[in-house]
Amino acid sequence: TNAESLAQSNVESANDYVTSATTLVATAENGVTQAQAALTEANESVSEAQAALDKAIAANEDTTDEQAQLEAAQAQQVSATNELADSNTQLTNANAELDNANSALTDAQTLQTSVEAQTDAIVEAQNADAQTAATEATAQADVADTAQTQTGQAQADADNAQAVSELTAQNAQDAQANISD
């Protein structure tokens with residue numbers, strides 16, 4: 001039926017949303033790993049620059065170069081610390097997006113089960129009406145394809161998939177409400 005087709009499209013769109021959000025999480029996890037590596041290197045650079053400055057001071061040498069190296073290393077350390085904090089925030093947001101996607105998928109599957117049960121009862125009673133509704137649903141197949149054709153960064157993919165999922169959920173709910181005996 002139309003409602004079943006829309007419910008299936010809703011599940012497919014929600015699956016696409018979960019896939020996009022999973023990619024977003026993986027990308028964010030990689031960002032955290034890279035930021036942590038950058039911070040580790042920056043910390044090591046600060047330690048080495050501090051050691052060089054200490055040696056120059058102990059040797060009673062001019063410390064201008066060593067002081068400049070230490071300041072540059074400390075600036076990198078601050079930048080790497082900020083980058084790691086930003087990456088952790090992005091990962092938190094990505095995980096929240098994935099939670100939202102999983103919730104949308106659960107809702108879509110629940111709606112699909114409900115629609116299926118409702119329409120099965122109607123199909124048993126009025127098979128001819130169900131066949132007519134099924135032919136009207138073929139135009140709705142493009143809804144799931146929309147989420148698969150989106151490009152760009154992982155967050156944009158997740159947002160587009162979420163929008164399609166919400167639209168098809170509304171269509172399926174509207175169709176479910178219009179099912180009659």
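Keep in mind the model is a prediction, meaning the values are calculated, not measured.

Colleague: Which residues make up the confidence of the model for the protein chain, and what values do they have?
Modeller: For the protein chain, per-residue confidence averages 82 on the pLDDT scale, and residues scoring 70 or more make up 80% of the total. For the protein chain, the element scoring lowest by mean pLDDT is helix α4 (residues 142-149), at 37; helix α1 (residues 2-58) scores highest, at 93. Counting interchain partners and residues more than four positions distant, the pLDDT-below-50 stretch residues 130-152 has 30 contacts.

Colleague: Let's hear about unusual backbone geometry: which residues, and what values?
Modeller: Working note: non-glycine residues mostly have negative phi, and peptide bonds are mostly trans. In this model, Asn60 sits at a positive phi of 60 degrees, which is unusual for a non-glycine residue. Mapped onto the secondary structure, Asn60 falls in the loop between α1 and α2 (64-125).

Colleague: Run through the environment of Ile122, naming residues and quoting values.
Modeller: Here Ile122 is to be found in helix α2. Look at Ile122 and you get buried, because its relative accessible area is 11%. Considered as a pair, Ile122 and Thr1 are 121 residues apart in the sequence and their alpha carbons are 9.9 Å apart.

Colleague: Give me the lowdown on the environment of Ala52, citing residues and values where you can.
Modeller: Note on placement: Ala52 falls in helix α1. On the basis of relative accessibility, which here comes to 27%, the residue Ala52 falls in the partly exposed class. Distance from Ala52 to Glu66, taken between C-alpha atoms, is 6.3 Å for residues 14 residues apart in sequence.

Colleague: Please set out the side chain of Gln162 residue by residue, giving values where relevant.
Modeller: For Gln162, the location among the structural elements is in helix α5 (residues 154-177). When neighbours within four sequence positions are excluded, Gln162 is seen to be in contact with Tyr17, Glu97 and Asn100.

Thresholds, definitions, all that
Residues numbered from 1 in each chain as written. Predicted model: local features only at pLDDT ≥ 70, side-chain atom pairs only at ≥ 80, totals over all residues. Heavy atoms only, no water. pLDDT = per-residue confidence, 0-100. Helix = DSSP H or I, 4+ residues; strand = E, 2+ residues; numbered from the N terminus. Contact = heavy atoms within 4.5 Å. Buried < 20%, exposed > 50% of the residue type's maximum accessible area, 1.4 Å probe, protein only.

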